[in-house]
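Spelled out, the chains give:
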Amino acid sequence: MPLFLNDEQTMLRDTAKDFVAASAPVSHMRALRDANDATGFSRDLWKQFAEMGFTGILIGEDAGGLGLGHVEAGVVLEEIGRNLSPSPFLSTAVAAVEALKGTAQAERWFPGILAGETVAALAIDEGAKHRSTVEMKAERAGNGFRLTGKKQFVTHGHVADLLIVAARTAGSAADEQGVTLFAVPKDAAGLTATPERLADASLAARIAFDGVEVDADAVIGEVDAGRDPLNRLLRAGRTGAAAEMLGVGGGAMDMTVSYLKERKQFGTLIGSFQALQHRAAHLYSEMEVARAAVLKAQQLLDAGDDRAMQAVSVAKAMTGLATTLSVQEGVQMHGGMGMTDAFDIGFYMKRGRVLAEMFGDSNFHADLLATTAGY
Amino acid sequence: MTTDLDTFRKETRAWLEANCPPEMREPIRTEKDAVWGGRDQSDLTPAQKQWMDAMGSRGWTVPDWPREYGGGGLSAAETKVLREEMAAIRARNPLNSFGISMLGPALLKYGTEAQKKRFLPEIARGEIRWCQGYSEPNAGSDLASLATSAEDKGDHFLVNGQKIWTSYADKADWIFCLVRTDRTNKHNGISFVLFDMRTPGVSTKPILLISGYSPFCETFFDNVKVPKENLVGELNKGWDVAKYLLGHEREMISGMGLGGTGGKNPLVLGALATIGVDHDGKLADPLLRAQIALFEVRAKAFAAQSERFIDELKAGRAHPAQPSMMKYYGTELNKARYELLMSAGGSDELEWESEASNGGREARAWLRTKANSIEGGTSEVQLNIIAKRILELPA
Ligand SMILES: Cc1cc2nc3c(=O)[nH]c(=O)nc-3n(C[C@H](O)[C@H](O)[C@H](O)COP(=O)(O)OP(=O)(O)OC[C@H]3O[C@@H](n4cnc5c(N)ncnc54)[C@H](O)[C@@H]3O)c2cc1C
């Protein structure tokens with residue numbers, strides 16, 4: 001398979017590009033922020049995503065979806081990133097769908113996701129840095145389980161219809177086994193979600209589980225064997241976050257390059273200064289390399305290749321590095337303008353930082369690569 | 001369902017298995033391990049010669065060139081399969097050649113039918129070794145200011161002047177050379193000619209590099225007669241050929257960024273040997289470990305980018321200036337790799353002549369990489385090209 005988009009994927013990209021730019025450009029995000037919107041995204045827009053078929057990209061055709069892959073999901077995510085569109089697409093249509101796929105829970109939740117009615121959130125992080133440890137407890141109770149513990153950085157957690165929760169049914173925090181993944185409906189008693197606004201104006205909840213009781217059938221996959229669906233979720237989430245970051249970094253770069261072509265100082269366009277040209281050209285090179293890393297990870301995931309895990313870490317780490325550079329250079333090369341709230345480039349910096357942290361930052365993934373390689 | 005490509009893969013695997021000698025499946029360790037071909041093949045080991053000839057006779061040294069010019073006539077997809085299967089058995093590159101990576105593509109595009117028929121099959125089989133006569137003492141980054149002159153003498157050109165940095169000029173059989181055929185026009189007064197290094201009036205003088213090696217020469221031309229039929233492309237339009245060729249040179253040099261992405265990581269092996277591990281089994285120098293890990297992120301991402309670039313190139317989708325980006329990134333990456341290798345190796349790698357250090361192999365290779373971002377156009381020049389041609393920033 002060549003490492004570029006095929007004709008159908010290119011068509012999908014063009015459709016997504018037009019659609020997201022028209023229905024949720026940066027001004028859409030700015031308006032939500034200015035209104036201090038309590039949901040954090042537009043439910044209407046989520047419905048439109050469903051009408052476009054986007055919410056079913058990763059859902060099999062037998063279940064009413066499009067039966068496409070991570071390359072296609074990434075194409076949509078990149079446009080979401082480029083337009084800084086607040087959307088539950090990554091958590092719901094990508095990460096949650098991958099976790100639920102092939103489990104008994106799929107039947108229950110896929111129709112709502114396909115219809116653009118259901119929003120899922122991922123309750124997997126327990127500290128301020130993403131780690132693979134799971135401490136939160138799930139004890140057997142009645143014919144189900146009782147969940148006790150805390151999660152944070154749960155995007156859309158306060159409004160989600162479904163929470164995917166990783167909890168420990170055996171062993172201790174760092175153990176691979178003994179983790180179970182649960183599908184917890186939002187109205188479960190004992191669950192408190194406290195939304196916090198993040199630097200990029202998105203909302204992420206801190207969630208307290210105070211003896212939340214769920215039925216046995218809330219288990220995603222098998223008891224104690226939750227690493228399987230959790231790993232599927234993480235692979236998809238990390239790749240997806242990388243694709244979205246690619247959009248953020250690319251969007252920031254495009255804005256910056258345009259600015260270099262229009263801003264004059266010393267009687268000349270600043271883009272003619274070699275000091276800035278070289279930095280812009282370097283940035284371009286980093287973004288190209290990141291783009292390749294993302295596509296490679298997506299293709300390997302779609303092919304079910306053993307090397308996918310490594311490629312996903314490379315993609316997440318590389319886009320983290322490249323996009324961080326892009327937003328930093330973006331603000332710097334916009335000069336004073338770059339520091340103003342009125343100008344969009346700062347939004348890119350904030351969104352880039354949030355995505356860089358999500359599902360593990362560059363250091364986390366570089367460390368993972370090193371550990372896996374045995375050093 | 002088996003496709004034609006699956007069948008091709010199977011046959012290719014079997015052929016490589018049968019024809020690639022075991023010695024050619026070992027990593028390249030010294031300069032001597034690289035095969036360059038040429039008239040004088042007395043230095044080649046039997047295995048090197050066997051491997052070069054086997055691949056050359058199939059046209060697989062240049063798999064995607066047309067068969068009539070000594071190539072393999074393979075499609076882009078088949079070429080990729082061949083590369084993958086070679087990588088799977090860790091087969092060495094059968095032949096390094098400026099003919100393959102630089103002159104060949106230029107001849108395919110700009111050569112006459114007679115030139116293609118004459119020169120390309122020899123390149124494919126590694127029979128003639130080529131060198132590149134571009135740079136001059138006063139024409140480096142500003143290559144188009146070159147002064148070596150070629151005077152029209154009816155049936156031939158009379159070439160006079162000096163080149164510099166001519167890699168392996170003392171070992172090469174022929175040279176592809178930029179000469180000035182019109183003094184009144186900077187870019188449109190340059191021509192592209194080929195000639196035998198044994199032609200009377202050609203002489204070379206080695207240049208010693210900081211690595212202690214001297215694979216580079218000053219090359220002098222004193223009334224060298226070059227037959228007119230050896231002009232490639234139109235008279236005074238050699239700059240187009242030169243630029244096209246430079247694109248291919250940059251593409252080739254960018255491959256340096258790929259070193260060490262497969263198999264056991266030499267950075268890690270080096271560091272494990274000198275520094276060892278802590279109680280968790282991790283490299284005992286956490287900062288070096290972090291540097292290596294972050295370097296690996298870039299190296300692996302660049303490997304993906306190289307694959308993407310080749311795929312796009314073969315499909316005719318790559319931006320014509322994209323080789324500049326590849327060259328820039330790949331060479332800077334390779335320099336970073338060698339800084340880390342030296343750091344991982346510690347004082348062992350600093351020994352310049354000892355047996356233990358294999359004659360200072362790593363240190364010399366480290367120093368050699370510093371030229372990566374200079375040869376074939378400096379990093380600064382590549383960034384200029386990206387800025388102007390890809391990002392379209394103003395002049
Ligand atoms: C190991 C090695 C092998 C080589 N092999 C060959 C060969 O086989 N055949 C051949 O013909 N040549 C060869 N070269 C020559 C090579 O192409 C030139 O060295 C190169 O193009 C740079 O030219 P220069 O050395 O004259 O540096 P200069 O052009 O003098 O550059 C000096 C410095 O100024 C910078 N600079 C120059 N112009 C600009 C600009 N416009 N903007 C910003 N910075 C600029 C450069 O980037 C560099 O840092 C080789 C060189 C080396 C080191």
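Look up a bit, the structure's there.
These numbers were taken from a predicted model, which means no experiment stands behind them.

1. A word on the overall build of chain B
Alright, step 1. Secondary structure assignment for chain B yields 11 helices and 8 strands.
Alright, step 2. For 395 residues, the compact-globule formula gives about 21 Å, and the C-alpha radius of gyration of chain B, at 22 Å, lands near that figure.
Alright, step 3. Taken along its principal axes, the extent of the C-alpha atoms in chain B is 80 × 50 × 50 Å.
Alright, step 4. The buried share of chain B, taken over its 395 residues, is 52%.
Alright, step 5. In chain B, which carries 50 positive and 53 negative side-chain charges, the distance between the mean positions of the two groups comes to 3 Å.

2. Description of the pairing of strand β7 (residues 203-215) of chain A
Residue and element names in this part refer to chain A.
Alright, step 1. Where strand β3 (residues 144-155) and β7 come together, 10 bridges link them in antiparallel fashion. Residue pairing across strands places Arg146 opposite Glu213, the latter belonging to β7.
Alright, step 2. The hairpin formed by strand β6 (residues 191-197) and β7 contains 5 residues between the paired strands, and Ala201 there has a positive phi angle of roughly 75°.

3. Quick look at the interface of chain A and chain B
Alright, step 1. Counting residues at the interface gives 39 residues for chain A and 39 residues for chain B.
Alright, step 2. In total, about 3,500 Å² of surface goes out of reach between chain A and chain B, with carbon and sulfur atoms giving 66% of it.
Alright, step 3. Among the residues chain A hides against chain B, the three largest losses belong to Phe4(A), Tyr284(A) and Tyr375(A). Together they make up 22% of the total.
Alright, step 4. The partner of Asp367(A) in a salt bridge is Arg289(B), and the shortest N-O contact between them spans 2.7 Å.
Alright, step 5. Those elements giving two or more residues to the side of chain A that touches chain B turn out to be α7 (227-262), α8 (274-302), α9 (308-333) and α11 (362-373) of chain A.
Alright, step 6. Of all the elements, α8(A) adds the most residues to the side of chain A that touches chain B, at 15 residues.
Alright, step 7. Taken together, the residues that form the side of chain A that touches chain B break down as 22 nonpolar, 11 polar and 6 charged.

4. Describing the site of the ligand
Alright, step 1. Lining the immediate environment of the ligand, one finds 19 residues, of which Ser135(B), Ser141(B), Trp165(B), Thr378(B) and Glu380(B) sit closest.
Alright, step 2. Proximal residues around the ligand fall on chains A and B, making this an inter-chain site.
Alright, step 3. Gln132(B) places a main-chain nitrogen or oxygen 2.9 Å from a nitrogen atom of the ligand.
Alright, step 4. One nitrogen or oxygen atom from the side chain of Asn384(B) is found 3.3 Å from a nitrogen atom belonging to the ligand.
Alright, step 5. Summarising the interface, the protein chains cover 68% of the accessible area of the ligand, which totals 970 Å² for the free molecule.
Alright, step 6. The greatest single-element share of the shell around the ligand, amounting to 3 residues, is contributed by strand β3 (residues 156-167) of chain B.
Alright, step 7. Here the residues of the shell around the ligand are counted per class, giving 5 nonpolar, 11 polar and 3 charged.

5. A closer look at the nonpolar core
Alright, step 1. Within the largest apolar cluster, 160 residues are counted, with the highest numbers of intra-cluster contacts made by Phe89(A), Leu147(A), Leu163(A), Phe182(A), Val184(A), Phe209(A) and Leu233(A).
Alright, step 2. Setting aside its immediate chain neighbours within four residues, Leu233(A) contacts Ala95(A), Ala99(A), Leu122(A), Ile124(A), Ile164(A) and Phe359(A).
Alright, step 3. By size, the runner-up hydrophobic cluster in this structure holds 37 residues, among which are Ala124(B), Trp130(B), Tyr134(B) and Leu245(B).

6. Some points on the environment of Met333(A)
All names here are of chain A.
Alright, step 1. Mapped onto the elements of the fold, Met333 is located in helix α9.
Alright, step 2. When its relative accessible area of 6% is taken as the criterion, Met333 is described as buried.
Alright, step 3. Along the primary structure Met333 and Arg279 are separated by 54 residues, whereas in three dimensions their C-alpha atoms are 9.7 Å apart.
Alright, step 4. When sequence neighbours within four positions are dropped, the list of residues in contact with Met333 reads Thr256, Tyr259, Leu260, Ile270, Leu276, Arg279 and Ala280.

7. Comments concerning the packing of aromatic side chains
Residue and element names in this part refer to chain B.
Alright, step 1. Summed over the entire model, instances satisfying the criterion amount to 23 aromatic pairs over all chains.
Alright, step 2. Both rings, one in Phe302 and one in Tyr329, keep their centres 5.6 Å apart while their planes meet at 20°; by these two values the pair is stacked. Linking Phe302 in helix α8 (residues 286-314) with Tyr329 in helix α9 (residues 322-345), this pair joins segments that are 27 residues apart in sequence. Exposure class is identical for Phe302 and Tyr329. Each is buried.

8. Here's the deal with the pairing of strand β2 (residues 137-141) of chain A
All names here are of chain A.
Alright, step 1. Judged from the 5 bridges that link them, β2 and β3 form a sheet pairing that is antiparallel. Counterpart to Lys137 in the pairing with β3 is Thr148.
Alright, step 2. Connecting the antiparallel pair β2 and β3 is a turn made up of 2 residues, with Gly142 showing a positive phi of about 55°.

9. Quick word on helix α10 (residues 361-369) of chain B
Alright, step 1. Every buried residue belonging to α10(B) is among Glu362(B), Ala363(B), Arg364(B), Leu367(B) and Thr369(B), and all of these are buried.
Alright, step 2. Against α9 of chain B lie the buried residues of α10(B).

10. Some remarks on the state of the cysteines
All names here are of chain B.
Alright, step 1. Within this structure, the stated rule accounts for 0 disulfides over all chains.
Alright, step 2. Here Cys217 stays unpaired: no disulfide links it, and the sulfur of Cys131, its closest cysteine neighbor, is 8.1 Å away.
Alright, step 3. Given the relative accessible area of 0%, Cys217 is considered buried.

11. Things to note about the pattern of salt bridges
Alright, step 1. Under the definition given, this model contains 51 salt bridges over all chains.
Alright, step 2. The partner of Arg9(B) in a salt bridge is Glu85(B), with the nearest N and O atoms 2.8 Å apart. Of the two residues, Arg9(B) sits in helix α1 (residues 4-19) while Glu85(B) sits in helix α3 (residues 76-88), which places them 76 residues apart along the sequence.
Alright, step 3. By relative accessible area, Glu85(B) is classed as buried at 5%.
Alright, step 4. One network of salt bridges, with partners in common, ties together Lys17(A), Glu78(A), Glu79(A), Arg82(A), Asp254(A) and Arg291(A).

12. Points about the packing of α1(B) against α3(B)
All names here are of chain B.
Alright, step 1. Between α1 and α3, whose axes approach to 10 Å, the crossing angle comes to 40°. Judged by the inter-axis angle, α1 sits oblique to α3. α1 and α3 meet at a crossing whose hand is right-handed. Residues Leu5, Phe8, Arg9, Thr12, Arg13 and Leu16 of α1 form the contact with α3, whose participating residues are Ala77, Glu78, Val81, Leu82, Glu84, Glu85 and Met86.
Alright, step 2. For the contact of α1 with α3, a count of residues per class yields 7 nonpolar, 1 polar and 5 charged.

Calculation rules
Residues numbered from 1 in each chain as written. Chains lettered and ligands numbered in written order. Predicted model: local features only at pLDDT ≥ 70, side-chain atom pairs only at ≥ 80, totals over all residues. Heavy atoms only, no water. Helix = DSSP H or I, 4+ residues; strand = E, 2+ residues; numbered from the N terminus. Rg over C-alpha atoms; globule rule 2.2 N^0.38 Å. Buried < 20%, exposed > 50% of the residue type's maximum accessible area, 1.4 Å probe, protein only. Lys, Arg positive; Asp, Glu negative; His and termini not counted. Charge placed at Lys NZ, Arg CZ, Asp CG, Glu CD. Pairing = 2+ DSSP bridges. Contact = heavy atoms within 4.5 Å. Buried area = accessible area lost by both parts, 1.4 Å probe. Salt bridge = Lys/Arg side-chain N within 4 Å of Asp/Glu carboxyl O. Nonpolar A, V, L, I, M, F, W, Y, C, P; charged D, E, K, R; others polar. Near = heavy atom within 4 Å. Polar contact = N/O pair within 3.5 Å; in protein donor to acceptor, adjacent residues only side chain to side chain. Areas by Shrake-Rupley, 256 points an atom, 1.4 Å probe, with all protein chains shown as cover. Core = buried A, V, L, I, M, F, W, Y, C linked by side-chain atoms within 4.5 Å. Phe/Tyr/Trp six-rings, centres within 6.5 Å; stacked < 30°, edge-to-face > 60°. Disulfide = S-S within 2.5 Å. Axes fitted to C-alpha atoms, helices over the stretch in contact; angles between N-to-C directions. Parallel < 35°, antiparallel > 145°, perpendicular 65-115°, else oblique. Left-handed = near helix turned anticlockwise from the far one by under 90°.

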